[in-house]
Amino acid sequence: MIIPIQELRDKRVDRILLRRGYPDANIFYSPIGAWLPLFIALIGTALISSGFIMMYWSPWLLLLLPYFFIAYLVNAWHCCCFALVEGKCCVINPNWPFRKFEVIKLNDIESVSIDKQRRGWSSFFTLFGSNYIEVKIASGKQRFYCAYLQLDAFDENFTKQTIEDFQYALERAGIHVQMNLEYN
């Protein structure tokens, strides 16, 4: 029997929406909780396979602390969640120090582009790329990163709703969406 990957949620997003008066939102999570256990497993595997187990691992651990802090900051910035409710799109980043709650009326959205950052320094810190959603409104474009809101992988996603579900929900609301993500 195959056990599906746990469907992660970020309860902080639920609480933020409830406090703002949106109890019945359709939420598309990009949880930072997907990054932390995978990052710790990756670092642990690297330490063990490198042979720095007992005697030499504490000096290397001190070098890993700045990397871990920078990796947290990059991942915290790249984990925006989205909620559709009452003709609005709410963009929520519950992660310190990038906390954000922004509301965009669906009527104001001219188009949406879903893509990923192809190259860049952030790929050194994020484990699964840098998906983003770029919203075009009359006053310009805004880019919101959602690294752990993934393409549908047949029960192997971190979250119940995928980036494609978000695309379809926007299209049902009459918004033109250009999807540029591909399965690799």
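Refer to the structure above for everything that follows.
The shown structure was predicted, so the numbers you read here are calculated from the model rather than taken from an experiment.

Engineer: Hey, could you run me through the nonpolar core in this one?
Structural biologist: The tendency in soluble globular proteins is for nonpolar side chains to be buried side by side. Ranked by size, the top nonpolar core spans 25 residues in total, and within it F82, I109, V112 and I133 carry the most contacts. A per-element tally of this core places helix α4 (residues 163–172) first, with four residues. Excluding residues within four positions of it along the chain, I109 makes contact with C89, I104, V135, K136, I137 and I175. One finds L17, Y22, A25 and V85 within the second-largest nonpolar core, a separate group that totals 13 residues.

Engineer: Would you explain the pattern of salt bridges in this entry?
Structural biologist: Once their charged atoms are close, side chains differing in charge can pair, the charge on each being opposite to the other. Evaluated as defined, the whole model comprises four salt bridges. The residue E134 makes a salt bridge to R143 at a minimum N-O spacing of 3.1 Å. Judged by its relative accessible area of 17%, E134 falls in the buried class. Exposure remark for R143: the relative accessible area of 39% places this residue in the partly exposed category. Through salt bridges that share partners, E134, K141 and R143 make up one connected network.

Engineer: Hey, could you run me through a nonpolar patch on the surface in this one?
Structural biologist: On the surface, a nonpolar cluster with roughly 250 Å² of combined accessible area is contributed by L36, I40 and F68. Inspection of the secondary structure assignment puts F68 in helix α3 (residues 57–77). Judged by relative accessible area, F68 falls into the partly exposed class, the value being 32%.

Engineer: Any chance you could explain helix α1 (residues 11–19) here in plain terms?
Structural biologist: Two residues of an α-helix separated by three or four positions point the same way, owing to the 3.6 residues in each turn. Buried within α1 are the following residues: V13, D14, I16 and L17. Buried residues in α1, looked at end-on, bunch into an arc of 165°, giving them a common side. Set apart from the buried face of α1 by more than 90 degrees, the exposed residues are K11, L18 and R19. Next to the buried residues of α1 lie β1 (26–28), β2 (81–85), β3 (88–93) and β4 (100–105). A positive phi of about 90° marks G21, the residue just after α1.

Engineer: Explain unusual backbone geometry to me, please; I cannot follow it from the model alone.
Structural biologist: Of note, the amide linkage connecting W96 to P97 takes the cis form, showing an omega dihedral of -5°. Residue placement: P97 occurs in the loop between β3 and β4. In the Ramachandran plot, E86 falls in the positive-phi region, its phi being about 50° despite a non-glycine side chain. Mapped onto the secondary structure, E86 falls in the loop between β2 and β3.

The rules behind these values
Residues numbered from 1 in each chain as written. Predicted model: local features only at pLDDT ≥ 70, side-chain atom pairs only at ≥ 80, totals over all residues. Heavy atoms only, no water. Core = buried A, V, L, I, M, F, W, Y, C linked by side-chain atoms within 4.5 Å. Buried < 20%, exposed > 50% of the residue type's maximum accessible area, 1.4 Å probe, protein only. Helix = DSSP H or I, 4+ residues; strand = E, 2+ residues; numbered from the N terminus. Contact = heavy atoms within 4.5 Å. Salt bridge = Lys/Arg side-chain N within 4 Å of Asp/Glu carboxyl O. Patch = residues over 30% accessible without salt bridge, like charges linked within 9 Å, V, L, I, M, F, W, Y side chains within 5 Å. Areas by Shrake-Rupley, 256 points an atom, 1.4 Å probe, with all protein chains shown as cover. Arc of directions from axis to C-beta.

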